[in-house]
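Structural overview
What follows is the residue order along each chain.
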Amino acid sequence: MNLVMLGPPGAGKGTQAERISRTRALPKISTGDILREAVHNRTPLGCVLKEDMEAGRLIGDDVMIGIVQERLDRDDAVTGFVLDGFPRTVVQASALDRMVDGRGPLVVLDIIVPEEVLVRRLATRRICGECGSNAAVDWLTECGKCGGQLVARVDDSVDIVRDRLAIYRRQAKPLVDYYSTRPTFRQIDGNLPPDVVTAAIDAALADAAARGVHR
Ligand code: AMP
């Protein structure tokens, strides 16, 4: 299964993508995680992108398409993947269609959450300063995976969140228009407890996969 998770920052894409990845043994590919790791490790690409990432600006389509193409070409993604954070533009979406051509259906889930809920969620979101994992509710000060210190994301500060949501609003409609007529497109109410959202996603995936149609 080739799965794309659409939705604004804070919609729970990462959490749900992680669960799907675990239960279906598919690699979770988060472009935000890939970029944060590059910044954290001060790779040449990370040094160039740091300022834009921290300001919440989108990275250019060519760079992003190259990163995703390279990742999807690895062996573990051959039988499917869960994409979180890509595509964010129609240019990226049409590049993704070319990348998955001949690789089975592309299922697109659009997670919907009201903006005031997103602002509240992002203000309290914490990630691990070492490995970048999203903090689970029962991690109080330390990362449950590596023991690193939990920190706020630089781009989750209130002003930057407003900018990121504005960028999302601009890009979302064309992206949803691009996908919405496909039989494998589903919208999910993300303003519910995580387990309820997971159950809705499981049902949507079963239904979308049963159609087994590409585009
Ligand atoms: P995320 O973790 O998905 O919220 O992504 C964090 C940041 O990474 C974004 O605010 C962008 O600066 C950058 N980024 C991640 N994915 C993309 C993408 N598909 N296109 C452009 N920029 C991206």
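The structure contained in this document is the topic of the report that follows. (Residues numbered from 1 in each chain as written. Predicted model: local features only at pLDDT ≥ 70, side-chain atom pairs only at ≥ 80, totals over all residues. Heavy atoms only, no water.)

**Focus on the pattern of salt bridges**
Applying the stated criterion across every chain, the model contains 19 salt bridges. The salt bridge involving Lys 28 is made with Asp 33; its shortest N-O contact spans 3.6 Å. Judged by relative accessible area, Lys 28 falls into the partly exposed class, the value being 25%. For Asp 33, a relative accessible area of 29% gives the class partly exposed. Look at the salt bridges and you will find they share partners, linking Glu 18, Lys 28, Asp 33, Arg 36 and Lys 145 into a network. (Salt bridge = Lys/Arg side-chain N within 4 Å of Asp/Glu carboxyl O. Buried < 20%, exposed > 50% of the residue type's maximum accessible area, 1.4 Å probe, protein only.)

**Some details on the nonpolar core**
Among the nonpolar cores identified, the biggest contains 28 residues, and Leu 72, Leu 83, Phe 86, Leu 96, Met 99, Leu 106 and Tyr 179 are the most heavily contacted of them. Elements supplying a minimum of two residues to this core: β1 (2-6), α2 (31-40), α3 (44-54), α4 (61-72), β3 (81-84), α5 (90-100), β4 (106-112) and α7 (158-179). In terms of nonpolar packing, the next biggest core, distinct from the first, is built from 23 residues, Leu 3, Ile 111, Val 117 and Leu 118 among them. (Core = buried A, V, L, I, M, F, W, Y, C linked by side-chain atoms within 4.5 Å. Helix = DSSP H or I, 4+ residues; strand = E, 2+ residues; numbered from the N terminus.)

**Some details on the pairing of β4**
Burial within β4 is extensive, with six of its seven residues counted as buried. Here β1 runs beside β4; their pairing, made up of five bridges, is parallel. Residue Met 5 lies in a different strand from β4, and its bridge partner there is Leu 109. Bridge count between β4 and strand β7 (residues 185-189): five bridges; the pairing is parallel. Residue pairing in the sheet places Ile 112 in a bridge with Asp 189 of β7. (Pairing = 2+ DSSP bridges.)

**Topic: the site of the ligand**
Taken together, 17 residues are adjacent to the ligand, and Thr 31, Arg 36, Arg 57, Gly 85 and Arg 88 come closest. The separation between a nitrogen atom of the ligand and a polar side-chain atom of Gln 92 is 3.0 Å. Relative to its free-state accessible area of 480 Å², the ligand is covered by the protein chains to the extent of 96%. (Near = heavy atom within 4 Å. Polar contact = N/O pair within 3.5 Å; in protein donor to acceptor, adjacent residues only side chain to side chain. Areas by Shrake-Rupley, 256 points an atom, 1.4 Å probe, with all protein chains shown as cover.)

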